Amino acid sequence: MARAAWLVCAHHLPVRRTASVLAALLGAPVSAGWVAALRGKAARLLETAFLPRIRELIASAPVAHAATRT
């Protein structure tokens, strides 16, 4: 699931192409519908599991750095 979400979201591969790549790598058919549904699931997991942990780590860090654009 993570690889599929990575290909679709980070590398902007179309859903059908992602399904094709995964099928070739896994040696088993992968549904384009399954890949399409992963985007929403990945977004929910980021919102509920990842982001709260990152906020917690930043708040408890002795130093937090944010670069500004010049």
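Worth saying up front: this structure is predicted, and the values here are computed from it rather than measured. (Residues numbered from 1 in each chain as written. Predicted model: local features only at pLDDT ≥ 70, side-chain atom pairs only at ≥ 80, totals over all residues. Heavy atoms only, no water.)

### Observations regarding helix α3 (residues 32-60)
Inference 1: Here α3 contains 29 residues, and its C-alpha end-to-end distance of 41 Å stays within 8% of the 42 Å for a straight helix at 1.5 Å per residue.
Inference 2: When the local axis directions of α3 are compared, the greatest deviation, roughly 40 degrees, occurs at L46.
Inference 3: For α3, the capping residue at the N-terminal end is S31, with a side-chain oxygen 3.0 Å from the backbone nitrogen of G33. (Helix = DSSP H or I, 4+ residues; strand = E, 2+ residues; numbered from the N terminus. Expected span 1.5 Å × (residues − 1). Bend = angle between axes of the 7 residues up to and from the residue. Polar contact = N/O pair within 3.5 Å; in protein donor to acceptor, adjacent residues only side chain to side chain.)

### Digging into the packing of helix α2 (residues 15-26) against α3
Inference 1: The N-to-C vectors of α2 and α3 enclose an angle of 115 degrees; their axes lie 8 Å apart at closest approach. On the basis of their axis angle, the class for α2 and α3 is roughly perpendicular. Note on packing geometry: the crossing formed by α2 with α3 is right-handed. In this structure, α2 contributes V15, R16, T18, A19 and L22 to the contact, and α3 contributes A32, W34, V35, A36 and R39.
Inference 2: For the contact of α2 with α3, the per-class residue count stands at seven nonpolar, one polar and two charged. (Axes fitted to C-alpha atoms, helices over the stretch in contact; angles between N-to-C directions. Parallel < 35°, antiparallel > 145°, perpendicular 65-115°, else oblique. Left-handed = near helix turned anticlockwise from the far one by under 90°. Contact = heavy atoms within 4.5 Å. Nonpolar A, V, L, I, M, F, W, Y, C, P; charged D, E, K, R; others polar.)

### Quick notes on the pattern of salt bridges
Inference 1: Throughout the structure, instances matching the rule amount to one salt bridge.
Inference 2: With a closest N to O distance of 2.4 Å, R53 and E56 form a salt bridge. Taken together, the residues R53 and E56, both in helix α3 and three residues apart, mark about one turn of the helix.
Inference 3: Exposure remark for R53: the relative accessible area of 42% places this residue in the partly exposed category. (Salt bridge = Lys/Arg side-chain N within 4 Å of Asp/Glu carboxyl O. Buried < 20%, exposed > 50% of the residue type's maximum accessible area, 1.4 Å probe, protein only.)

### A word on a nonpolar patch on the surface
Inference 1: Taken together, the side chains of L46, F50, I54, L57 and I58 present a nonpolar region at the surface, about 440 Å² in accessible area.
Inference 2: Mapped onto the secondary structure, L57 falls in helix α3.
Inference 3: Classification of L57 as partly exposed rests on a relative accessible area of 39%. (Patch = residues over 30% accessible without salt bridge, like charges linked within 9 Å, V, L, I, M, F, W, Y side chains within 5 Å. Areas by Shrake-Rupley, 256 points an atom, 1.4 Å probe, with all protein chains shown as cover.)

### Comments concerning α2
Helical periodicity: at 3.6 residues per turn, an α-helix aligns residues three or four positions apart in one direction.
Inference 1: Under the 1.5 Å per step criterion, the end-to-end length of α2 is 16 Å for twelve residues, consistent within 8% with the ideal 16 Å.
Inference 2: Those residues of α2 lying buried are V15, T18, A19 and L22. Each buried residue of α2 sits inside an arc of 100 degrees when the element is viewed along its axis, so together they form one side. Looking at α2, the residues exposed on the side facing more than 90 degrees away from the buried face are R16, R17 and A24.
Inference 3: Contact partners of the buried residues in α2: α1 (2-10) and α3.
Inference 4: Following α2 by one or two positions, G27 adopts a phi angle in the positive range, close to 75 degrees. (Arc of directions from axis to C-beta.)

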